[in-house]
Amino acid sequence: MTHIDAGSELDPVHPVNPPASEGPVAVRATGSAGTLPAATGLTSAEVAERIARGEVNDVPVRSSRSTAEIVRGNVFTRFNAIIGVLWIIMLFVAPIQDSLFGFVIIANTGIGIIQELRAKKTLDGLAVIGEAKPTVRRDGVAAEISTSQIVLGDVIELGPGDKVVVDGEVAEADSLEVDESLLTGEADPVLKKPGDVMMSGSFVVAGGGAFTATKVGREAYAAQLAEEASRFTLVHSELRSGISTILKYVTWMMIPTAIGLIISQMVVKDNDFKNSVARTVGGIVPMIPEGLVLLTSVAFAIGVIRLGRKQCLVQELPAIEGLARVDVVCLDKTGTLTEGGMDVTELRALGGTDEAYVRQVLGALGESDPRPNASLQAIKDKYPDEAEWRVQESLPFSSARKYSGASFSDGTGENSTWLLGAPDVLLPPGDPHLAEIDDLNAQGLRVLLLARATGSELTDPQVGSGATATALVVLEQRLRPDAGETLAYFADQDVAAKVISGDNAVSVGAVAGKLGLPGAENTIDARQLPKDQAEMAAVLDSNAVFGRVTPQQKRDMVAALQSKGHTVAMTGDGVNDVLALKDADIGVSMGSGSEATRAVAQIVLLNNSFATLPSVVAEGRRVIGNITRVATLFLTKTVYSVLLAIMVVCSQVEYPFLPRHLTLLSTLTIGIPAFFLALAPNKERAKPHFVRRVMRYAIPSGVIAAVATFTTYLLARSHYSGPDALAAETSAATLTLFLVSMWVLAIIARPYTWWRIALVATMGAGFLLVLAVPWLQHFFALKLIGTTMPWTAVGIAVAAAALLEGSWRWVGRKWPA
């Protein structure tokens with residue numbers, strides 16, 4: 001379609017010249033550019049020279065932390081430092097069994113590093129698959145290269161949906177419209193002409209062209225922003241910040257308590273020095289919920305690995321958590337509920353127009369756009385251009401306009417201007433053809449109107465006024481076979497699905513109805529939506545299908561839903577979805593989507609399967625729900641450890657436990673069970689207020705455990721006497737604390753399944769084994785003496801268990817989640 005002044009044939013999509021030595025070839029570009037020479041790009045020698053000078057786009061955009069950062073992040077923690085010092089002390093003053101907690105920390109840290117390295121490998125591999133590949137001209141040939149290989153002076157081609165990856169200057173423009181709202185906040189697209197500045201971080205909404213890179217690497221406008229947005233983030237989430245808050249409070253409680261315990265055990269009590277040190281350390285170590293941080297990191301890392309196996313790239317790790325909290329998911333119809341391709345099923349000529357002539361016009365329109373969207377591509381495939389009309393001006397499709405167009409000269413001297421787009425946009429209200437179109441839309445078909453414009457410039461917003469309706473093009477959309485099941489999953493999980501599309505509302509509703517979406521029969525034309533945010537939110541809450549939505553409206557609708565307290569996920573693959581994806585709590589892009597949507601989305605479905613989304617939601621719910629569960633276990637231990645230390649200080653008695661006792665209890669009632677519980681399936685939607693929800697159970701549980709244990713200890717002190725009394729007192733107190741901790745575990749493990757029951761039973765059997773096997777008794781310094789005190793310890797534990805049941809039920813009623 002493009003007129004070429006010289007004799008060489010060029011690819012209409014990638015029009016480039018032969019190498020410079022053969023002389024430039026002028027290419028007539030359509031639209032706003034006029035006639036200008038097409039840039040051939042740099043030569044291989046020039047590229048090598050620029051690379052040698054360091055003029056390369058070397059911004060280290062990463063999907064994950066570096067190996068060194070992972071090791072540092074897992075090893076050099078505040079609590080590892082505390083435990084490390086205590087461990088070194090214990091290695092000098094006590095038997096090896098009292099130093100077991102140090103080996104456990106080494107193992108835990110190693111597990112954390114290995115799991116995160118596995119997650120890094122998965123993320124980095126997926127990031128390469130999903131990486132944007134800009135088309136760059138070099139040696140007169142257009143080819144896709146990695147963003148990091150762009151050098152200063154490269155000529156980079158652009159089309160709809162392409163992201164501007166470096167700063168530059170427009171070299172060619174064919175009705176090139178660029179959205180800079182992510183940088184400037186201005187919503188209206190900017191029409192670019194040769195010589196205009198292109199800023200990295202903007203993206204193309206319509207038309208095409210090419211620009212020359214003038215700033216690369218860290219000098220580019222949005223380079224630092226892009227680097228930060230693409231970096232593996234482990235901390236910015238409610239879960240991680242909640243755990244940080246808890247650890248801060250624990251530190252405040254731990255420091256004065258530990259100081260008091262040290263003074264009590266080493267100054268006030270006239271005991272053996274080494275034994276006093278061992279019991280002091282035994283009181284300090286369990287105050288630290290060190291495994292909680294590890295388990296959270298491991299759960300997130302395993303979530304990334306599981307999703308990676310399903311070709312799901314998590315660009316920001318907290319997105320797993322965010323999607324678990326989602327209660328509204330906004331779906332773009334095209335590319336999400338339907339597959340990208342379409343088929344022309346019918347052509348209806350209107351007003352007695354010759355159908356053969358209409359086919360000629362459609363063929364010319366199809367050939368006029370070197371980067372057709374799915375609808376125009378279907379028309380192009382159905383009606384190939386045989387007339388070879390000359391394009392005088394073209395207007396690419398824009399989601400905001402809802403139509404495209406072109407002006408032609410047919411070779412006989414007759415000029416004509418044609419528009420192709422949404423019938424209800426191009427036709428005035430009440431037009432008799434609209435009823436016919438509504439019937440087709442009600443069948444779920446997509447209908448485009450071919451109209452002949454009269455004498456207006458294509459760029460004139462009023463070009464459609466007075467246009468003559470010439471034909472209807474009926475297209476059938478291909479439904480995704482798994483879309484119905486996915487919508488049913490969301491309905492089952494109490495996640496409201498909202499279909500938001502730029503297409504005709506009736507047509508969108510018919511498609512959603514075929515997929516079984518509740519409320520699909522009630523469709524809303526977005527042009528009738530109220531402007532007020534509160535009123536818009538009310539309409540959105542009570543309806544599920546919206547058509548004729550503009551890109552800016554999509555953004556407004558996301559904001560309106562968020563204003564009602566909803567956590568909103570937005571899916572999409574087109575450039576018209578970018579703004580909404582950016583503003584949504586979670587943006588989900590298809591891997592085949594535009595470069596711009598993949599850049600702003602937190603989650604990219606590389607397999608382009610909408611059916612992957614339930615897996616992402618389920619993974620998020622598993623991580624958050626289970627971490628909330630097991631956090632109660634860890635913090636119950638912290639609470640009872642602090643309270644036991646306080647009661648020991650106030651009573652001026654020996655601390656009842658050695659480190660080996662609490663290492664055994666922590667392993668059987670917290671460490672091993674928490675690992676399995678954290679990886680178990682969990683479909684409960686994540687709820688807010690993590691700290692409050694965990695502490696409302698951990699505090700009463702810890703208090704009950706501490707009081708019951710200390711009561712047993714005091715009774716045992718009055719019951720036993722002699723040189724071995726302290727060992728017997730410790731054993732009785734350990735029995736009570738173990739049984740109470742096991743009951744907390746039994747409560748948290750609900751609802752029971754066979755493996756949960758087996759888990760609890762196995763942990764109980766492990767403790768019985770220690771009590772029954774002589775060498776284990778000696779290793780852990782546990783031996784129950786007599787029958788009176790052991791049964792008293794059991795009785796106190798039973799009473800504590802009853803208190804636990806009552807307190808958990810009361811808390812659940814008093815402060816519901």
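None of these values were measured; they are calculated from a predicted model.

Asker: I would appreciate a short explanation of the environment of Pro-194 in the present structure.
Answerer: Structurally, Pro-194 is set in the loop between strand S7 (190–191) and strand S8 (197–198). By relative accessible area, Pro-194 is classed as partly exposed at 36%. On a C-alpha basis, the gap between Pro-194 and Ala-171 in space is 5.1 Å, while along the polypeptide they are 23 residues apart.

Asker: What is the right way to read the pattern of salt bridges from this model?
Answerer: For side chains of opposite charge, pairing can occur when their charged atoms come near one another. Per the counting criterion, the structure on display carries 22 salt bridges. Where Glu-157 meets Arg-137, a salt bridge forms, and the shortest distance between an N and an O atom there is 2.7 Å. Here the residue Glu-157 occupies a position in strand S5 (residues 155–158), and Arg-137 occupies one in strand S3 (residues 135–138), the gap between them amounting to 20 residues. The salt bridge involving Arg-548 is made with Asp-424; its shortest N-O contact spans 2.7 Å. Linking Arg-548 in the loop between strand S20 (545–547) and helix H18 (551–563) with Asp-424 in helix H13 (residues 423–426), this pair joins segments that are 124 residues apart in sequence. For Arg-548, a relative accessible area of 6% translates into the label buried. Residue Asp-424 is classed as buried on the basis of its relative accessible area, which comes to 19%. Shared partners join several salt bridges into a network, and the residues in it are Asp-424, Asp-525, Arg-527 and Arg-548.

Asker: What is the right way to look at the sheet that holds strand S19 (residues 523–525) in this model?
Answerer: By definition, the strands of a sheet pair up through backbone hydrogen bonds, in either a parallel or an antiparallel sense. Taken in spatial order, the 8 strands of this open sheet run S10-S23-S22-S21-S11-S18-S20-S19, and their pairing is mixed. Each of the sheet's edge strands pairs with one partner strand only, and the pair in question is strand S10 (312–314) and S19. When the angles between neighbouring strand axes are averaged without regard to direction, this sheet yields 20°. Pairing analysis gives 4 bridges linking strand S11 (residues 328–331) to strand S21 (residues 568–572), with the strands arranged parallel. Paired with Leu-331 across the bridge in S21 is Thr-571.

Asker: Just to check I follow, could you spell out the confidence of the model for the chain for this structure?
Answerer: Note that predicted coordinates carrying low pLDDT should not be read in detail. Taken residue by residue, the chain gives an average pLDDT of 80. The fraction at 70 or more is 89%. No element of the chain has a lower mean pLDDT than strand S1 (residues 26–28), which averages 29, and none a higher one than helix H25 (residues 754–772), which averages 94. This model gives residues 1–38 a pLDDT under 50, and the stretch forms 71 contacts once residues within four places in sequence are excluded. Taken as a whole, residues 224–236 scores under 50 in pLDDT and shows 27 contacts with residues more than four places along the chain or in a different chain.

Asker: How do you make sense of the packing of aromatic side chains when you look at a structure like this?
Answerer: The geometry of an aromatic ring pair is captured by the separation of the ring centres together with the interplanar angle, meaning the angle of the planes. Across all of its chains, the model carries 12 aromatic pairs by this definition. Judged by centre distance (5.5 Å) and plane angle (65°), the ring pair of Tyr-249 and Trp-252 falls under edge-to-face. One end of the pair, Tyr-249, and the other, Trp-252, are both in helix H7 (residues 238–268), 3 residues apart, so they sit about a helical turn from each other. Ring centres of Trp-389 and Phe-408 lie 5.7 Å apart, and the angle between their planes is 65°; this geometry places the pair in the edge-to-face category. Highlighted residues: Trp-389 in the loop between helix H12 (374–382) and strand S13 (390–395) and Phe-408 in strand S14 (residues 403–409), separated in sequence by 19 residues. By the ring-pair criterion, three or more aromatic residues cluster together here, those being Tyr-357, Trp-389, Phe-408 and Trp-418. One residue, Lys-248, lies across the ring of Tyr-249, its end atom 5.8 Å from the ring centre.

Analysis parameters
Residues numbered from 1 in each chain as written. Predicted model: local features only at pLDDT ≥ 70, side-chain atom pairs only at ≥ 80, totals over all residues. Heavy atoms only, no water. Helix = DSSP H or I, 4+ residues; strand = E, 2+ residues; numbered from the N terminus. Buried < 20%, exposed > 50% of the residue type's maximum accessible area, 1.4 Å probe, protein only. Salt bridge = Lys/Arg side-chain N within 4 Å of Asp/Glu carboxyl O. Pairing = 2+ DSSP bridges. Axes fitted to C-alpha atoms, helices over the stretch in contact; angles between N-to-C directions. pLDDT = per-residue confidence, 0-100. Contact = heavy atoms within 4.5 Å. Phe/Tyr/Trp six-rings, centres within 6.5 Å; stacked < 30°, edge-to-face > 60°. Lys NZ or Arg CZ within 6 Å of the ring centre and 35° of its normal.

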